[in-house]
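# A structural walkthrough
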Amino acid sequence: MDVNQFAVYQLKNIPENRQIRFRPYSALQEKGIQIQYEDYEQVYLARMQPEDEPGEIRKRFNEKLPRRFHGHSISVSDVLVLNKGGVVTSYYVEKDGFTVIAGFIRISSSGTLVSLDTTDFHIKGKEGKWLAFDSIIIEGRQFFLMEHETYGKEVAWVVLDEEGKLVVDHAYHGFDQSVQQQIKDYLNPPQLTAEPQNQEISGGHIQMQSSNAMDKPPLENWQKYMENGEYLRSSEIDEEQNYNMIDGRRNNMSPKGKNGRVSVLAKLRRKQAEIAKRSVKPAQQMEMAEDMERRRK
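All of these numbers come straight from a predicted model, not from anything done at the bench.

### A closer look at the overall build of the chain
- Tallying secondary structure elements over the chain gives eight helices and eleven strands in all.
- Across the 297 residues that make up the chain, the buried fraction comes to 30%.
- Taking all contacts inside the chain whose residues are at least 6 apart in sequence as the whole, residues at least 24 apart take part in 47%.
- A total accessible area of about 21100 Å² is found for the chain, and carbon and sulfur atoms account for 49% of it.

In structure tokens:
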């Protein structure tokens, strides 16, 4: 059955089923008769509406049977199987109401360790022996409610999967909503999400940038000097509007006139000339003076 479908099962019309046909569930339990899937046949299968419950389906069928329905009207001893949101539940039809029965639909494979017939089972991390007394099918897998054979209800129940792995510990109210949610979480573990990336909006579109690129600090001028080998060039790169204009002037500014500021290179050459004049030694000045005096004579 697919998700959100229901099926109607009725007893096969064979002599062996006469003693259980149209009998209430309690009467069968008193005689030790088990409700087995092998004794039934599917007479209807359809998609289930979100609001459908066993009572709604029974009422609708009693008012008018669908064309594809191949059995008698829904009666005592019939079984309704609902697959709602991936959870499969079987309902035995009573005169008034329904009885939830376990194990009507079974999923078996060669590798399973637990079934509804399981007894004297040892659970890892638990003391004593355990037996299975109820089951549920969720998302195509069967899970079993286990009870301690010695202490019974005095010890909290646990839920195992078909392989005997502990899925839910301390189940106090059977397969209630809380237990079912824990089973679904077990079947669908949360996925690890990638590290968030920084978003940059450009031209109306969101561009993703990795955190590594955004975390790189900007270089200072002295760091650029170490990379480029020249402070003036690195300083110019820091402010230049056009990188093909690395010409010794910041921001492509032209030299100023007499009333403006002179260029950096002009200042540098003037400074070098002043230093050169001051660096002439006194001895050289004396030799030049003596040479001039001899020429006068």
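### A few points about the pattern of salt bridges
- Enumeration over the complete set of coordinates arrives at five salt bridges.
- A salt bridge links Arg-60 to Asp-52, with the shortest nitrogen-to-oxygen separation between them at 3.2 Å.
- Of the residues examined, Asp-52 reaches a relative accessible area of 2% and is grouped as buried.
- Notably, a salt bridge pairs Lys-84 with Glu-53, separated by 2.9 Å at the nearest N-O pair. Of this pair, Lys-84 sits in strand β3 (residues 79-84) while Glu-53 is found in the loop between β2 (40-47) and α2 (54-63), placing the two residues 31 residues apart along the sequence.
- Take Lys-84: its relative accessible area is 32%, and that puts it in the partly exposed class.
- One salt-bridge network, held together by shared partners, links Arg-141, Asp-161 and Glu-162.

### Thoughts on the confidence of the model for the chain
- Residues with a pLDDT of 70 or more make up 65% of the chain, whose mean pLDDT is 78.
- Here residues 199-211 scores under 50 on pLDDT; set against residues more than four positions off or in separate chains, the count is 18 contacts.

### Concerning α2
- Residues Pro-54, Ile-57, Arg-58 and Phe-61 constitute the buried set of α2. End-on, the buried residues of α2 take up no more than an arc of 95 degrees, which puts them together on one face. More than 90 degrees from the buried face of α2, the exposed residues found are Lys-59 and Glu-63.
- Looking at the buried side of α2, the elements it contacts are β1 (5-11), β2, β3, β4 (87-93) and β5 (98-101).

### Here's the deal with the pairing of β5
- The pairing of β4 with β5 spans four bridges and is classified as antiparallel. Bridge pairing in β5 places Tyr-92 opposite Thr-99.
- Connecting β4 to the antiparallel partner β5 that follows it, the hairpin turn spans four residues, and Gly-97 within it adopts a positive phi of roughly 95 degrees.

### Brief notes about the side chain of Gln-180
- The topology assignment puts Gln-180 in helix α3 (residues 177-187).
- Not counting residues within four places of it along the chain, the set of residues in contact with Gln-180 comprises Val-87, Ile-136, Ile-138 and Phe-175.

### Considering the nonpolar core
- Ranked by internal contacts, the top residues of the largest apolar core, which has 16 residues, are Tyr-9, Ile-35, Tyr-40, Val-79, Tyr-92, Ile-101 and Phe-104.
- Elements that contribute at least two residues to this core include exactly β1, α1 (25-30), β3 and β4.
- Broken down by element, this core gets its largest block of residues, three residues, from β1.
- In contact with Tyr-9, other than residues within four places in its own chain, are Tyr-37, Tyr-40, Glu-41, Gln-42, Asp-78, Val-79, Val-81, Phe-104 and Ile-105.

### Let's talk about the packing of aromatic side chains
- For the structure on display, the rule yields 13 aromatic pairs.
- Ring centres of Phe-6 and Phe-61 lie 6.0 Å apart, and the angle between their planes is 80 degrees; on these two criteria the pair is classed as edge-to-face. Highlighted residues: Phe-6 in strand β1 and Phe-61 in helix α2, separated in sequence by 55 residues.
- For the pair Tyr-40 and Phe-104, a centre-to-centre distance of 5.3 Å together with 85 degrees between the ring planes defines the contact as edge-to-face. In this pair, Tyr-40 is assigned in strand β2 and Phe-104 in the loop between β5 and β6 (130-138), connecting sequence segments 64 residues apart. The same class applies to Tyr-40 and to Phe-104, which are both buried.
- Ring pairing ties together the aromatic residues Phe-6, Tyr-44, Phe-61 and Phe-69, which thus form one cluster.
- The lysine or arginine in question, Arg-21, covers the ring of Phe-22, its NZ or CZ lying 5.9 Å from the ring centre.

### Description of the side chain of Ser-135
- Here Ser-135 shows up in strand β6.
- Looking at Ser-135, its side chain comes within polar contact range of the side chain of Gln-142, at 3.3 Å.
- Ignoring sequence-local partners within four residues, the contact set of Ser-135 consists of Ala-102, Gly-103, Leu-116, Gln-142, Phe-143, Phe-144 and Phe-175.

### Let's talk about α3
- Along α3, the residues that are buried comprise Val-179, Gln-180, Ile-183 and Leu-187. Down the axis of α3, the sector holding all buried residues measures 100 degrees, keeping them to one side.
- Of the surrounding secondary structure, the elements contacted by the buried residues of α3 are β4, β6, β7 (141-148), β8 (157-161) and β9 (166-171).

Criteria and thresholds
- Residues numbered from 1 in each chain as written.
- Predicted model: local features only at pLDDT ≥ 70, side-chain atom pairs only at ≥ 80, totals over all residues.
- Heavy atoms only, no water.
- Helix = DSSP H or I, 4+ residues; strand = E, 2+ residues; numbered from the N terminus.
- Buried < 20%, exposed > 50% of the residue type's maximum accessible area, 1.4 Å probe, protein only.
- Contact = heavy atoms within 4.5 Å.
- Areas by Shrake-Rupley, 256 points an atom, 1.4 Å probe, with all protein chains shown as cover.
- Salt bridge = Lys/Arg side-chain N within 4 Å of Asp/Glu carboxyl O.
- pLDDT = per-residue confidence, 0-100.
- Arc of directions from axis to C-beta.
- Pairing = 2+ DSSP bridges.
- Core = buried A, V, L, I, M, F, W, Y, C linked by side-chain atoms within 4.5 Å.
- Phe/Tyr/Trp six-rings, centres within 6.5 Å; stacked < 30°, edge-to-face > 60°.
- Lys NZ or Arg CZ within 6 Å of the ring centre and 35° of its normal.
- Polar contact = N/O pair within 3.5 Å; in protein donor to acceptor, adjacent residues only side chain to side chain.

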